[in-house]
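Below, each chain spelled out in residue letters.
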Amino acid sequence: MDTDTGALVAAADLRAALAGILTGWKVPAEQAGAVAELLVEADLRGVDSHGAHLMSMYVSRLASGDLSPTTTVSTVHDDGTTAVLDGGLGFGQLAGLAAARLAAERAERHGVAAIAVRETTHLGALGAYTARVAEAGHICLCVQNGPTFVPPFGGVTALMSTNPLSYAVPTGREPTIVYDIATTAVAGNKLLLAKKRGDPTIPAGWANDAHGHPTTDTAAASVRHLQWFGGHKGFGLALLVELLAGVLAGSSFGTTERTASALHGDARIAKGVVLVAISPERFTPRDTFTAAVDTLIREIRGGERAAGVDRIWLPGEPEHERAKVRARDGIPLPAALVAELRRLAADVGAAPLRVRPAGQEES
């Protein structure tokens, strides 16, 4: 294979390879499969920064003992409409799925639910969880904080993470609305993936260099000096995320550590999460609500377009369309990532990832 051209990978083959690496690190098979499923789901949707690219980070944390191979999600307290869970410093994907299931169940029963998770780790793409709640018929908001490597707007002392947020809204015949963003101009893993691919430049406004100077040089750009999207506006949303996922959830926030983990500050892997779910049926019949959402979507999509714009997209639509293409044609992976996944598999005696060079039929 020409290592400069990358490769196409079938979703099933990628899931099997990722699950094999995890089980090689003593992750229980069912849990490994669930984590692999969510990583491949991100790659299918084109959220490559939160897909298979994350495996090397997870393996390094398993190897250091900072990430528990067996995830046990426990209940700290449960008041019906509200609950606090503890992720036990296991895989964030499993804690996220548990919280999403509980949020959907409680919203169905009570009309509204707020679920907090403390002592969890990286969840991957938050849209995976809000989408599941929306597909169960409920509006959902999810926020997560993390390590301290982004200064507040106008400051130089790192206090926050990229502090992502996601919302999802159920629809009728249209694709589910799923909005998923970092409150920085770009997710940190997007910059790391650009470095892994060897991209020479990044868009202006993504990040600064190690001295805090704006740069478009990928090599010079620092994941610890990301910029807020919209300046003070992105920072304002990040502060809300920190207050909810950190302070309210009883998790670490800013420089205050409330975690059993020995990793603190910009090395912190423990995170806080809050999901809020609302049942539209408590306000209007569900079919009426979803039909109205569909109407609004069609009005937005059918409005007059600006010059040079071929289509007006709703949040989640590009990912929905991309997933159909990648499920059919394969997921494109950069050559460096293919080599990395094969090395991780070899390290634990797992089967290597099956690929075909981009643009060629599988042999």
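Thresholds applied
Residues numbered from 1 in each chain as written. Predicted model: local features only at pLDDT ≥ 70, side-chain atom pairs only at ≥ 80, totals over all residues. Heavy atoms only, no water. Pairing = 2+ DSSP bridges. Helix = DSSP H or I, 4+ residues; strand = E, 2+ residues; numbered from the N terminus. Buried < 20%, exposed > 50% of the residue type's maximum accessible area, 1.4 Å probe, protein only. Right-handed = clockwise from strand over helix to strand, strands pointing away. Salt bridge = Lys/Arg side-chain N within 4 Å of Asp/Glu carboxyl O. Contact = heavy atoms within 4.5 Å. Axes fitted to C-alpha atoms, helices over the stretch in contact; angles between N-to-C directions.

1. Quick look at the sheet that holds strand β9 (residues 214-215)
- Across the sheet, which stays open at both edges, the three strands sit in the order β9-β8-β10 with antiparallel pairing between neighbours. If you trace the sheet from one side to the other, it starts and ends with β9 and β10 (221-226), each paired once.
- Two strands pair when backbone bridges link them, and strand β8 (residues 207-209) and β9 are joined in this way by two bridges, in the antiparallel orientation. Paired with Ala207 across the bridge in β9 is Thr215.

2. Description of the pairing of strand β3 (residues 82-86)
- Burial analysis of β3 places four of its five residues in the buried class, which makes it a mostly covered element.
- In this structure, strand β2 (residues 74-78) lies alongside β3, joined through four bridges in antiparallel fashion. When the sheet's bridge partners are listed, Asp78 is paired in β3 with Ala83.
- Linking β2 to β3, which pair antiparallel, is a turn of three residues; within it Gly80 sits at a positive phi near 95 degrees.
- Relative to strand β4 (residues 112-120), β3 is paired through five bridges, and the arrangement is parallel. In the strand pairing of β4, Asp86 is matched with Arg118.
- Handedness of the β-α-β unit built from β3, helix α4 (residues 92-110) and β4 comes out right-handed.

3. Let's talk about the pattern of salt bridges
- Applying the stated criterion across every chain, the model contains 20 salt bridges.
- With a shortest N-O distance of 3.8 Å, Asp86 and Arg118 are connected by a salt bridge. Residue Asp86 is located in strand β3, and its partner Arg118 is located in strand β4; the two are separated by 32 residues in the primary sequence.
- Residue Asp86 is classed as buried on the basis of its relative accessible area of 17%.
- Residue Arg118 is classed as partly exposed on the basis of its relative accessible area of 28%.
- A salt bridge links Arg328 to Asp329; its shortest N-O distance comes to 2.7 Å.
- The exposure class assigned to Arg328 is exposed, which follows from its relative accessible area of 61%.
- A relative accessible area of 32% means that Asp329 is categorised as partly exposed.
- Salt bridges here are not isolated pairs; linked through shared partners, they connect Glu174, Asp294, Arg298, Arg301, Arg311 and Glu317.

4. Considering helix α6 (residues 188-197)
- Among the residues of α6, those classed as buried are Gly188, Asn189, Leu191, Leu193, Ala194 and Lys196.
- Each element contacted by the buried residues of α6 is listed here: α3 (55-64), β8, β10 and α10 (335-347).
- In the stretch just after α6, Gly198 is the one whose phi turns positive, near 85 degrees.

5. Brief notes about the sheet that holds strand β7 (residues 177-181)
- Here seven strands make up an open sheet; going across it, the order is β2-β3-β4-β11-β5-β6-β7 and the pairing mixed. Single-partner strands in this sheet number two, and they are β2 and β7. Across the sheet, the mean angle separating the axes of adjacent strands is 15 degrees when strand polarity is ignored.
- Pairing between strand β5 (residues 139-144) and strand β6 (residues 165-169): four bridges, direction antiparallel.

Any functional reading would require information that these geometric values do not contain.
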